[in-house]
Amino acid sequence: MNQTNTSQNITTEGLNKPICPLCKSKKAKLDFIKFNYSIFDCQSCKSLYVYPSPSSVELEQFYTSGDQEKLSQVCWTDVAESHKHVWDVWKEGLEYIEKQAGRGPLLDIGCGTGQFLVFAKQHGWTELKGIELNQRVAKIAGELSGGVIYTSELLKTSLPSASFSGIVLWDTIEHLNDIESALKEVFRLLKPGGVVLIGTVNRSGVSVRLLNKNALTVNPPEHLIFFTQKGMAQALKLAGFEVCKIWSFSIYLREWLNYFSKIKPSQKTEDDNDTDYRSKVNDSTAFLMLMKIANAFLKVTNLGDELVAIGQKR
């Protein structure tokens, strides 16, 4: 990836003091610089975050430019991706939403081609809505799920207050440059008792722990923040949510395929189709059974690459 920042050669000199976007702590140290973006380590909640964060205009230019492949586009705009390895978590989230707020309207922010909405539909949910900025992808999501898909940003969609039983941000929140405003908007949109389900990169996960700045998921300006459990809890509380549950699971297969292909480049040719290979592995019965076993360990140790949080509007 050859991401560039309009503000080249960022250093700590001349910057205002970084403030953690999750816990609001001013105690931070520069951890590393990647793609000319400075990544700070919050000394309070231990989350990593890009500072200064790119503006909304910069992010819009980045996501609308077609000169490079985006990791999020690879993961969420391919309708062939089944995401079977996260189905158990999605099912748990839907059951929690239904128990607390009923099987009412459901909103998926950053829905891609609608994998989660299709999953919800298959489990009996009928009032489905999504937000997806890419109009081509949004059209696919609407066709596959039968839901209403908005193509404006969350804060500009102007949905009515207390509209949803559940709101999902799966692999979305780490892309946002104003998490506090986004979570407060989610809080406003939820009915009393409504539930938010969040999935994001785990800063404490095995991949980011071991690979650090060399991790594929550490790719500013696409991913701007890497949550810890403490940071996630603080962000939810500041937005008004009660924190119900936070845990980690899964290992990013793409991350390690990328890592080993660099170690042994001779094993990878230009004709290799990484997406097809990874999908076959992810969907294989053996891999799914192995991950079920591994997830029990990852949940206890907080070493899973994906961090999951459930919050509720009491």
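Going by the structure above, here's the rest.
Computed from a prediction, not measured in an experiment: that's the story for all the values here. (Residues numbered from 1 in each chain as written. Predicted model: local features only at pLDDT ≥ 70, side-chain atom pairs only at ≥ 80, totals over all residues. Heavy atoms only, no water.)

As a further point, take the packing of aromatic side chains. Within this structure, the stated rule accounts for eleven aromatic pairs. Here W256 and F260 contribute two aromatic rings whose centre-to-centre distance is 6.1 Å and whose plane-to-plane angle is 40 degrees, an arrangement assigned as tilted. Linking W256 with F260, this pair stays in helix α9 (residues 253–263), spanning four residues, or about one helical turn. Classification of W256 by relative accessible area gives buried; the value is 17%. You can call F260 partly exposed: its relative accessible area is 49%. Members of the aromatic cluster, joined through ring pairs, are W87, W90, F116, F119, W170 and F249. (Phe/Tyr/Trp six-rings, centres within 6.5 Å; stacked < 30°, edge-to-face > 60°. Helix = DSSP H or I, 4+ residues; strand = E, 2+ residues; numbered from the N terminus. Buried < 20%, exposed > 50% of the residue type's maximum accessible area, 1.4 Å probe, protein only.)

Moving on: the pattern of salt bridges. Inspection of the entire model under this criterion finds ten salt bridges. A salt bridge links D41 to K46, with the nearest nitrogen and oxygen atoms 3.6 Å apart. Here K91 makes a salt bridge to E95, at a shortest N to O gap of 2.5 Å. In this pair, K91 and E95 both sit in helix α3 (residues 87–101), four residues apart, roughly one turn of the helix. K91 gets classed as partly exposed once you look at its relative accessible area, which sits at 38%. For E95, a relative accessible area of 44% gives the class partly exposed. If you follow the salt bridges from partner to partner, you end up with K24, E180 and K184 in one network. (Salt bridge = Lys/Arg side-chain N within 4 Å of Asp/Glu carboxyl O.)

So, about the sheet that holds strand β9 (residues 225–226). Pairing within the open sheet is antiparallel, and its four strands lie in the order β1-β2-β3-β9. A single partner strand is all that each edge strand has here, and the edge strands are β1 (28–34) and β9. In this structure, β1 lies alongside strand β2 (residues 37–42), joined through six bridges in antiparallel fashion. Within the sheet, the bridge partner assigned to K29 lies in β2 and is D41. (Pairing = 2+ DSSP bridges.)

This part is about the environment of R254. Within the secondary structure, R254 sits in helix α9. The exposure class of R254 is buried, given its relative accessible area of 13%. Separated by 38 residues in sequence, R254 and L216 place their C-alpha atoms 8.2 Å apart.

Our next topic: empty space enclosed by the protein. All chains considered together, the criterion is met by three cavities of 30 Å³ or more. Space inside the second largest cavity adds up to approximately 50 Å³. Lining the second largest cavity are P21, L22, K24, I179, E180, L183, A235, L238 and A239. When residues of the lining of the second largest cavity are traced back to their parent elements, those giving at least two are α6 (179–189) and α8 (229–238). In terms of residue count, α6 provides more of the lining of the second largest cavity than any other element does, three residues in total. (1 Å grid on protein atoms, 1.4 Å probe; cavity = no way out; pocket = protein on both sides within 12 Å on 5 of 7 lines; lining within 4 Å. Points joined across faces, edges and corners; volume = space filled by probe spheres on them.)

When two helices pack together, you describe them by how their axes are tilted relative to each other and by the distance separating the axes. The N-to-C vectors of α3 and helix α4 (residues 115–122) enclose an angle of 60 degrees; their axes lie 11 Å apart at closest approach. Here α3 lies oblique to α4, going by the angle between them. Here α3 runs over α4; the crossing is right-handed. Each of W87, W90, K91 and L94 in α3 lies in contact with α4, whose residues at this interface are Q115, F116, F119 and A120. Counted by class, the contact of α3 with α4 contains six nonpolar, one polar and one charged residues. (Axes fitted to C-alpha atoms, helices over the stretch in contact; angles between N-to-C directions. Parallel < 35°, antiparallel > 145°, perpendicular 65-115°, else oblique. Left-handed = near helix turned anticlockwise from the far one by under 90°. Contact = heavy atoms within 4.5 Å. Nonpolar A, V, L, I, M, F, W, Y, C, P; charged D, E, K, R; others polar.)

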